[in-house]
Amino acid sequence: GYKSRAAYKLKELNTKYKIIKNGYKVLDCGAAPGGWSQVALEIVSDKGFVVGVDLNPITGINNKNFISIAGDFTTDEILNQVLNVCPLYDAVISDIAPHTIGIRDADHTNSLELVEKVYDFTIKTLKKGGSFLFKLFEGEGRKGLVERLKKDFKDVRIIKPDATRQGSMEIYIAALNKVN
Ligand code: SAM
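Keep in mind the model is a prediction, meaning the values are calculated, not measured.

(A) The arrangement of the pattern of salt bridges in detail. Per the stated rule, a full pass over the model turns up 8 salt bridges. A salt bridge links aspartate 95 to lysine 135; the nearest nitrogen and oxygen atoms lie 3.1 Å apart. Residue aspartate 95 is located in the loop between β4 (89-94) and α4 (104-125), and its partner lysine 135 is located in strand β5 (residues 126-137); the two are separated by 40 residues in the primary sequence. What makes aspartate 95 buried here is its relative accessible area of 14%. A salt bridge links glutamate 138 to arginine 142; its shortest N-O distance comes to 2.7 Å. A single burial state applies to glutamate 138 and to arginine 142, both of which are buried. Connected through shared salt-bridge partners, Asp95, Lys135 and Glu170 make up one network.

So this is what it looks like as structure tokens:
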């Protein structure tokens, strides 16, 4: 089994969008407890590797192709550690999420702030042709973000939750095929 139910979500999204492939170097942001990293490790196989970053340490993934970094992704110190492991990634996935407080606007703003940090970093460290998948708590800032993504990626897909979870404010965005 996987360390999170989220693992199945990544499996489903990757089947559809092929964000991660065999042999890829993958950066997983907000990776604890590690479900996405487990799925990514299966896909990249022994030919690739996964770097997982989270505020909380990721334990129990015994795979020599997994590198875990514990720390805050919004700090230069951690970003430098990520770059020291690998300067250029084939895919960036981010399930990073703030603590929700139940106020929709605030949750959205906090989520967007984290996503923008990950996005800025992704622009520097994702190779041309690579893809970026991330979670966002839905809100008014999404439109502007997507406009920006459309300049950096050839194809941007917004993935809304299925009908059974219509109340959820959680969406995923797949930005495919980085332009430069
Ligand atoms: N994808 C994961 C899995 O499948 O196991 C679940 C990720 S969970 C929904 C979101 C994670 O984002 C939390 O573990 C949280 O600690 C992390 N997070 C939030 N803010 C962060 C930050 N500034 N730096 C690093 N991780 C952060």
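(B) Just helix α2 (residues 35-44), in detail. Burial within α2 is extensive, with 8 of its 10 residues counted as buried. Restricting attention to buried positions, one finds in α2 the residues Gly35, Trp36, Ser37, Gln38, Val39, Ala40, Leu41 and Val44. Serine 45 sits one or two residues past α2 and shows a positive phi near 60 degrees.

(C) Representation of the sheet that holds β5 in the model. Taken in spatial order, the 7 strands of this open sheet run β3-β2-β1-β4-β5-β7-β6, and their pairing is mixed. Taken across any chain shown, the strands that pair with only one partner, and hence form the sheet edges, are β3 (66-70) and β6 (153-159). Here the average twist between neighbouring strands, direction ignored, is 15 degrees. Here 6 bridges tie β6 to strand β7 (residues 170-178), and the two strands are oriented antiparallel to one another. Looking at the pairing, isoleucine 159 lines up with tyrosine 172 of β7. Docked against the sheet, α2 engages β1 (25-29), β2 (49-54), β3, β4, β5 and β7, running at close to 170 degrees with respect to β2. Across the sheet, helix α5 (residues 142-152) is in contact with β5, β6 and β7; its angle to β6 comes to roughly 150 degrees.

(D) Broad picture of the packing of α4 against α5. In contact at an axis separation of 11 Å, α4 and α5 are set at 10 degrees when each is read in the N-to-C sense. If you check the angle between α4 and α5, you find them roughly parallel. Contacts from His108, Leu112, Val115, Glu116, Tyr119, Asp120 and Ile123 in α4 reach Arg142, Leu145, Arg148, Leu149 and Asp152 in α5. Its residues assigned to classes, the contact of α4 with α5 comprises 6 nonpolar, 1 polar and 5 charged.

Parameters and conventions
- Throughout this description, residue numbers start from 1 for each chain and increase along the sequence as written.
- Residue-level local features of this predicted model are given only where pLDDT is at least 70; pairs of side-chain atoms are given and counted only at 80 or more, and the full residue set underlies all totals for whole chains, interfaces and linings.
- Hydrogens and waters are ignored; side-chain quantities use all the structure's heavy atoms.
- By definition here, a salt bridge exists when the distance from a side-chain nitrogen of Lys or Arg to a carboxyl oxygen of Asp or Glu is within 4 Å.
- Counting from the N terminus, the helices are DSSP H or I runs at least four residues long and the strands are E runs at least two residues long.
- For every residue, the accessible area (1.4 Å probe, protein chains only) is compared with the maximum for its type, and the residue is labelled buried under 20%, exposed over 50%, or partly exposed between those bounds.
- At least two DSSP bridges between two strands are needed for those strands to be called paired.
- Helix axes are fitted to C-alpha atoms over the stretch in contact, other axes to C-alpha atoms as well, and angles between N-to-C directions run from 0 to 180 degrees.
- A contact between two residues is defined here by any heavy atoms of the two lying within 4.5 Å.
- Oblique is the label for every angle not falling under 35 degrees (roughly parallel), over 145 degrees (roughly antiparallel), or within 65 to 115 degrees (roughly perpendicular).
- Under the convention adopted here, Pro, Cys and the residues Ala, Val, Leu, Ile, Met, Phe, Trp and Tyr are nonpolar, Asp, Glu, Lys and Arg are charged, and Gly plus all remaining residues are polar.

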